Amino acid sequence: MDRRQDHSAAVKRSPASPDRTAERPLRALGGLLVLQGLGLVGLGLFELRGALASGLGEVFSVEPLLRGAPEALALVLFVPATFLMVLSGLLFLLGSRRVWTPAALSQTLALGGGLWLYAGPAPYYVYLLLAASVLCVLYLNSQSVRGLLHDAPPARDRSGGVV
């Protein structure tokens, strides 16, 4: 009898409880979004450094950017997408379930910017950007992620009513 109590107490204290394992797809998605956002930040800094180096020292003029590297100017399109990616990724990591729309919007903006780059200067990294965005959209719409988001209990206000 004492063994059963010890076993049931160990099961209750196990780190892989159903609540934690059910949240794994959301946490994985959050990590992927943060990683993709930080990758876009690094790519933007790399392109901006190259554009400023080819701009012949004119730092505060837009003309050298247009002549030197149109990719650097195109990366301005990715600023809102990057902000939304990192924000929604962090919120997914913190356990929020209501950030599907900003995450999908960030991927839409990244895909739009990537397609615009593909039609114009077509830098070497555009394929990786498009592939990462498409895979993230597919994961956002996967059954495991959507099932967790739709199974969330309705939000309640302080008085106990449904919001």
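Everything below is about the structure shown above.
Novice: Which residues make up the overall build of the protein chain, and what values go with them?
Specialist: Along the backbone of the protein chain there are 9 helices and 0 strands. Reading the protein chain from its N end, one meets helices and strands in the order α-α-α-α-α-α-α-α-α. In the protein chain, which comprises 163 residues, the proportion classed as buried is 31%. Expressed as a percentage of contacts within the protein chain between residues at least 6 apart in sequence, the contacts between residues at least 24 apart total 70%. Within the structure as shown, the protein chain displays about 10600 Å² of accessible surface, and the carbon and sulfur contribution to it stands at 67%.

Novice: Could you give an account of helix 8 (residues 126-140), with specific residues and numbers?
Specialist: Between the first and last C-alpha of helix 8 there are 21 Å, a value that for 15 residues agrees with the 21 Å anticipated at 1.5 Å per step. Three or more residues of helix 8 are buried, namely Val126, Leu129, Leu130, Ser133, Cys136 and Leu140. One side of helix 8 carries all its buried residues, which in axial view fall inside an arc of 130°. Away from its buried face by more than 90 degrees, helix 8 exposes Tyr127, Leu128, Leu135 and Leu138.

Novice: Provide a residue-level description of the packing of aromatic side chains, including the pertinent values.
Specialist: Counting across every chain of the model gives 2 aromatic pairs. Here the aromatic rings of Tyr118 and Tyr127 are separated by 5.9 Å at their centres, their planes lie at 75°, and the arrangement is edge-to-face. Relative accessible area serves as the criterion here: at 44%, Tyr118 is assigned to the partly exposed category. Residues Tyr124 and Tyr125 carry aromatic rings whose centres are separated by 5.3 Å and whose planes lie at 90° to one another, so their mutual orientation is edge-to-face. Taking relative accessible area as the criterion, Tyr124 reaches 59% and is therefore assigned exposed. Overall, the relative accessible area of 5% leaves Tyr125 in the buried class. Positioned over the ring face of Trp100 is Arg146, at 4.6 Å from the centre of the ring.

Novice: So what's going on with the nonpolar core? Residues and values would help.
Specialist: Residues Leu26, Leu29, Leu33, Met85, Phe92 and Leu140 are the most contacted members of the largest nonpolar core, which totals 23 residues. Elements with a contribution of two residues or more to this core: helix 3 (24-53), helix 6 (78-93), helix 7 (100-119), helix 8 and helix 9 (143-150). The residues contacting Phe92, other than those within four sequence positions of it, are Leu26, Arg27, Leu29, Gly30, Leu33, Val99, Trp100, Ala103, Leu140 and Leu149.

Novice: Can you explain a nonpolar patch on the surface? Please cite residues and give values.
Specialist: Taken together, the side chains of Val134, Leu135 and Leu138 define a hydrophobic patch exposed on the protein surface, amounting to about 290 Å² of accessible area. As for its placement among the helices and strands, Val134 is situated in helix 8.

Novice: Lay out the packing of helix 6 against helix 7 with the relevant residues and their values.
Specialist: Running from N to C, helix 6 and helix 7 point in directions that differ by 150°, and their axes come no closer than 8 Å. With respect to each other, helix 6 and helix 7 are oriented roughly antiparallel. Relative to helix 7, the crossing made by helix 6 is left-handed. In this structure, helix 6 contributes Phe78, Pro80, Ala81, Leu84, Met85, Ser88 and Phe92 to the contact, and helix 7 contributes Trp100, Pro102, Ala103, Leu105, Ser106, Gln107, Leu109, Ala110, Gly113, Gly114 and Leu117. Its residues assigned to classes, the contact of helix 6 with helix 7 shows 13 nonpolar, 5 polar and no charged.

Cut-offs used in this document
Residues numbered from 1 in each chain as written. Predicted model: local features only at pLDDT ≥ 70, side-chain atom pairs only at ≥ 80, totals over all residues. Heavy atoms only, no water. Helix = DSSP H or I, 4+ residues; strand = E, 2+ residues; numbered from the N terminus. Buried < 20%, exposed > 50% of the residue type's maximum accessible area, 1.4 Å probe, protein only. Contact = heavy atoms within 4.5 Å. Areas by Shrake-Rupley, 256 points an atom, 1.4 Å probe, with all protein chains shown as cover. Expected span 1.5 Å × (residues − 1). Arc of directions from axis to C-beta. Phe/Tyr/Trp six-rings, centres within 6.5 Å; stacked < 30°, edge-to-face > 60°. Lys NZ or Arg CZ within 6 Å of the ring centre and 35° of its normal. Core = buried A, V, L, I, M, F, W, Y, C linked by side-chain atoms within 4.5 Å. Patch = residues over 30% accessible without salt bridge, like charges linked within 9 Å, V, L, I, M, F, W, Y side chains within 5 Å. Salt bridge = Lys/Arg side-chain N within 4 Å of Asp/Glu carboxyl O. Axes fitted to C-alpha atoms, helices over the stretch in contact; angles between N-to-C directions. Parallel < 35°, antiparallel > 145°, perpendicular 65-115°, else oblique. Left-handed = near helix turned anticlockwise from the far one by under 90°. Nonpolar A, V, L, I, M, F, W, Y, C, P; charged D, E, K, R; others polar.

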